[in-house]
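Okay, here's what each chain looks like letter by letter:
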Amino acid sequence: MATGFFTDTTLCIGCKACEVACKQWNELPSDGFTFTGNSYDNTSELSGTTWRHVAFVEQMSVDQQGGLHDRWLMSSDVCKHCTNAGCLEACPTGAIIRNEFDSVFIQPDVCNGCGYCVVSCPFGVVDLIEKFDPDGTHYNLASLAESRLDAKQTAVQQSGGVAGKCTLCYDRQKVGFEPACAKACPTESIQFGDIDELRERARVRVETLADRGVEAQLYGADDVGGGIGSLNAFFLLTDRPETYNLPAQPVLPSTRQPAGYAAAAAAAVGLAIAGWMIFRNA
Amino acid sequence: MPNLPPNPDDAFLGAVSRNGHHETPAAPTYYDRPMLKAPHWEWNVVTYLFLGGIMGGLGLIQLLAHPERDDERRLKRTARITSFILAAGNPAILITHLGRPERFLNMLRIVKVKSPMSLGVWGLVLYSGAAGANVVRELAVDGVLPRWMRFLAPGFMAPAQALLGAFTAGYTGVLLSATANPFWGSGKRHIPAASVCSGLASASALASLLSTLEGNHQAVHKLERLEMVAGAAELLVLADFKRASGTYGKPFFEGKRGERMRTYTMLAGTIAPMALNLLGQMVKLPKPVDAVRTTVASVLTLVGGYVLRDSLIEAGKDSARDPHAAFRQPR
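All values derive from a computational prediction rather than experimental measurement.

Visitor: Explain the overall build of chain A to me, and be specific about the residues and the numbers.
Guide: Each helix and strand in chain A was counted, giving nine helices and ten strands. For chain A, contacts bridging at least 24 residues in sequence account for 64% of all contacts bridging at least 6.

Visitor: I'd love a proper account of the confidence of the model for chain A, names of residues and values included.
Guide: All names here are of chain A. Scored by pLDDT, chain A has a mean of 90; 89% of the residues are at 70 or more. The model gives residues 134–140 a pLDDT under 50, and that stretch makes twelve contacts with residues more than four places away or in other chains. Counting contacts from residues 142–158, a segment whose pLDDT is below 50, to residues more than four positions away or on other chains yields 20 contacts.

Visitor: Break down the confidence of the model for chain B for me, with residues and values.
Guide: Taken residue by residue, chain B gives an average pLDDT of 92. The fraction at 70 or more is 92%. Throughout residues 1–25 of chain B the model reports pLDDT below 50, and contacts reaching past four residues in sequence, or to other chains, amount to 43 contacts.

Visitor: Please set out the domain arrangement of chain A residue by residue, giving values where relevant.
Guide: Residues and elements named next belong to chain A. Domain boundaries assigned for chain A yield domain 1 (3–251) and domain 2 (252–282). Contact residues are listed per partner, giving ten residues for domain 1 and four residues for domain 2. Ranked by residues supplied to the side of domain 1 that touches domain 2, first place goes to helix 2 (residues 86–90) with three residues. Taken together, the residues of the side of domain 1 that touches domain 2 break down into four nonpolar, five polar and one charged.

Visitor: Describe the interface of chain B and chain A, with residues and values.
Guide: Taken residue by residue, the interface counts 73 residues in chain B and 73 residues in chain A. Those elements that provide at least two residues to the side of chain B that touches chain A are helix 1 (43–64), helix 3 (102–105), helix 4 (116–142), helix 5 (157–177), helix 7 (190–214), helix 8 (217–245) and helix 12 (323–327) of chain B. For the side of chain B that touches chain A, the class distribution of residues is 41 nonpolar, 19 polar and 13 charged.

Visitor: Give a detailed account of the environment of G129 of chain B, specifying residues and quantitative values.
Guide: All names here are of chain B. Within the secondary structure, G129 sits in helix 4. By C-beta crowding, G129 is classed as partly exposed, having 16 other C-beta atoms within 10 Å. Counting along the chain gives 32 residues from G129 to Q161, while the straight-line C-alpha distance between them is 8.6 Å.

Visitor: Can you explain the nonpolar core? Please cite residues and give values.
Guide: Ranked by internal contacts, the top residues of the largest apolar core, which has 170 residues, are C87 and C117 of chain A together with C197 of chain B. Among the domains, domain 1 (3–251) and domain 2 (252–282) of chain A are the pair contributing at least three residues each to this core. The residues contacting C117 of chain A, other than those within four sequence positions of it, are C87, A90, C91, I96, V126 and A163 of chain A.

Visitor: Just give me the short version of the sheet that holds strand 8 (residues 190–194) of chain A, but keep the residues and values in it.
Guide: Residue and element names in this part refer to chain A. Taking strand neighbours across the sheet as the criterion, the four strands line up as 8-1-10-9 in an open arrangement whose pairing is mixed. The open sheet has two edge strands with one neighbour each: strand 8 and strand 9 (217–219). Each strand of the sheet is rotated relative to its neighbour by a mean of 25°, with strand direction disregarded.

Rules used in this analysis
- Residues numbered from 1 in each chain as written.
- Chains lettered and ligands numbered in written order.
- Predicted model: local features only at pLDDT ≥ 70, side-chain atom pairs only at ≥ 80, totals over all residues.
- Helix = DSSP H or I, 4+ residues; strand = E, 2+ residues; numbered from the N terminus.
- Contact = placed C-beta atoms within 7 Å.
- pLDDT = per-residue confidence, 0-100.
- Domains from an automatic or database assignment.
- Nonpolar A, V, L, I, M, F, W, Y, C, P; charged D, E, K, R; others polar.
- Buried ≥ 20, exposed ≤ 12 C-beta atoms within 10 Å, placed from the backbone.
- Core = buried A, V, L, I, M, F, W, Y, C linked by C-beta atoms within 7 Å.
- Pairing = 2+ DSSP bridges.
- Axes fitted to C-alpha atoms, helices over the stretch in contact; angles between N-to-C directions.

Printed below as a string of structure tokens:
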């Protein structure tokens, strides 16, 4: 069964319970204490060890009559689990797979830390997990999982650096639990379930909001374009996607390959002919 | 409610345009934070791509050199041995990036047509095989190895190494251009083409350098012509890349990095060696002077090739950090 997330940003209250639940369940290290000054967002971004990130946008404006309008947008961002995933296509080891729940999953013991998925994600989600720090301030997921089995330092611990991102709580789904973030969300802004059912629910929600005078759009429930297809983690937004740091027109990297190989082949053939003439005429 | 005057500098003003209160010209992003992740690639990946290009170029040179002419016979041997050393050494460079030797093997458990990294590693492995076979043939013909061993490298291994070489040189470009990175994506044709041209120019330079050391001046003469053609092609591709990439190309063509690239890759790394090589083609210089000329030209070309790869990677990092470029992905 294909499962996914429907993140309804109109219900998000910015409590960050999803971030905390994700960190706890997946035993991910803290991001440290930083103060960005960007509203209440001190998490800043998704990373190898941050798999839910609540964005805060404070909007204020003054209309022609001088009346003040303000709006506070909050949205819990997550890996999109794309139909055609750039990271999965790019991975040279086959560490990134599509599992039985139709989620994009990184096998940490197969990942070799090349970092090619990082530059191939059109949404800037995947990142390398920081290298193992013997002081214990940073560690990576793979090393943690393996250290339970073996007290000695493992291979991954010694060299560090594998890719990390949301697993859609593969382990919890395996035993019939919903992902930690959806479980912890107090307002059902994060809804987990069968992807077709979620899409249906989301469309009804957009209509309900329209009846109440709230203009909303779905992001990723249908094809987002650029060859990526629909997203298994999709969103209901009330502003342009860019406002939430989501690309309106993402592109699947592999669509750029044919032009690249063709150009390289043309250059190689041209130079080979030139070289042949140089060496034959000598 | 306080009666605030509209402030055009307020980054949030534009975001509310949907409500019809204000329209601001520049669409605001999320606190100007990056939308994409920058590559974690340092000197080792730059070196890997640089040597991959040289290796590929040497694949063509070993095919072009004719075994019946004495100078080209020696060139063929040099190109084959050098290319094999590079092919054997390049995985070691990649391993310094991956962290542990076993991690290289993880890539050999699968072949993925849609992953340039996967195809490239297989290209490298097959290239090593072809180059190794051709080296065995050279050594068997020389008598270093038993003569019968030359049958381990049948004739088709020479064009095979050239084809695989063209692929490895080209893939070092596709690896960058077929990503979500806006600058790299804007060079989806130019970066692979420039990688092939730069790879062949650097390979010719390295072969010239080695042939000079061997005293094989006739071969140097031909190699320098090849280097000039490849360098001219690289300049044309880069010039067209600047035009085609527009604002996406800013991190590469403008600012300090642009100046460095123009100085080391275009001027000192391509135009200067072209002039030196042209001088060598037209004027017969005394042998020691000519050797210095070739050496300088070759080293400049090699430095230029390295700076090209380094600039591409570093510009990709800046491009990834620019949300405005990331939101306007090149098509």
